[in-house]
Amino acid sequence: MAILYALVARGSVVLAEYSATSTNASAIARQILEKIPGNNDSNASYSQDRYIFHVKRTDGLTVLCMAEEVAGRRIPFAFLEEIHQRFVRTYGRAVLSAQAYAMNDEFSRVLSQQIEYYSSDPNADRINRLKGEMSQVRNVMIENIDKVLERGDRLELLVDKTANMQENTFRFRKQARRFRSTVWWRNVKLTVALIFLLLVIIYVILAFICHGLTLPTCLK
């Protein structure tokens, strides 16, 4: 799974979060929220091990996700943009005064659905390319997390690889079943087409025999 964790926060107040696997990303994300400089709108990425924390801050609202390094930047930032728009559209000005986790019960399900979509559906990246809205992401430098956190404060990132492997195995089996189903239907269609073609050929041959030759069976 490309994206493993996500949250929405106002300043350091977490309003909603979701984790797709067992990890301490939540604790590290809170450290990042407390340490990222300034209040201006910004995009930033911080690496730790094979994972990257991507941060998008807009109008005082911060959306953060942790993704595998192989996910690159375009998909995670497209995810963050989508989450920001959905959150603001759903809650409006309520986000300015909401208490911690006020939206978690409802919006954590949205985070889960969008993590699944942006991690596994090829259309997520394809649609984003068509929109052409993420060119600014190319300018986002990926800094080591030590840049924002003091070494003594930094937590070691722990990710339950077993759960992640189980998720990948489940997805692989699902894709394999879908592939087998596609191949089966393709073979069925090909077989039907061949049978239809064979019947047409037989019909043409019989019509030629009946009209071109004077056979007793055709004269009756």
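For the structure given in this document, a descriptive report is provided here. Predicted model, so just to flag it, every value in this text is computed and none were measured.

1. With respect to the overall build of the chain
Stage number 1. Helix and strand counts for the chain come out as 6 helices and 6 strands.
Stage number 2. Ordered by position from N to C terminus, the α and β elements of the chain give β-β-α-β-β-β-α-α-α-β-α-α.
Stage number 3. Counting only residues that meet the buried cut, the chain has 36% of its 220 residues in that class.
Stage number 4. Across the chain, the fraction of contacts at a sequence separation of at least 24, relative to all contacts at a separation of at least 6, is 64%.
Stage number 5. Accessible area for the chain stands at about 13,800 Å²; split by element, carbon and sulfur atoms hold 56% of it.

2. A short note on the packing of aromatic side chains
Stage number 1. What the rule picks out here adds up to 6 aromatic pairs.
Stage number 2. Consider the rings of F79 and Y118, whose centres lie 5.8 Å apart with planes at 75°: the pair is edge-to-face. Pair noted here: F79 is in helix α2 (residues 74-91) and Y118 is in helix α3 (residues 104-120), with a separation of 39 residues, a long-range link. A single burial state applies to F79 and to Y118, both of which are buried.
Stage number 3. With centroids separated by 6.0 Å and ring planes inclined at 65°, the aromatic side chains of Y91 and F107 adopt a geometry described as edge-to-face. Placement of Y91 in helix α2 and of F107 in helix α3 is noted, with a sequence separation of 16 residues between them. Taken individually, Y91 and F107 each receive the classification buried, so the pair is uniform in this respect.
Stage number 4. Here the aromatic residues F79, Y117 and Y118 are joined through ring pairs into a cluster of three or more.

3. Details of the pattern of salt bridges
Stage number 1. Per the counting criterion, the structure on display carries 3 salt bridges.
Stage number 2. Where E17 meets R30, a salt bridge forms, and the shortest distance between an N and an O atom there is 3.4 Å. On the criterion of sequence distance, the pair formed by E17 in strand β2 (residues 13-19) and R30 in helix α1 (residues 25-35) is long-range, its members being 13 residues apart.
Stage number 3. Notably, a salt bridge pairs K56 with E81, separated by 3.2 Å at the nearest N-O pair. Residue K56 is found in strand β4 (residues 51-58), and its partner E81 is found in helix α2; the two are separated by 25 residues along the sequence.
Stage number 4. Judged by relative accessible area, K56 falls into the buried class, the value being 11%.

Each value, and the rule that gives it
Residues numbered from 1 in each chain as written. Predicted model: local features only at pLDDT ≥ 70, side-chain atom pairs only at ≥ 80, totals over all residues. Heavy atoms only, no water. Helix = DSSP H or I, 4+ residues; strand = E, 2+ residues; numbered from the N terminus. Buried < 20%, exposed > 50% of the residue type's maximum accessible area, 1.4 Å probe, protein only. Contact = heavy atoms within 4.5 Å. Areas by Shrake-Rupley, 256 points an atom, 1.4 Å probe, with all protein chains shown as cover. Phe/Tyr/Trp six-rings, centres within 6.5 Å; stacked < 30°, edge-to-face > 60°. Salt bridge = Lys/Arg side-chain N within 4 Å of Asp/Glu carboxyl O.

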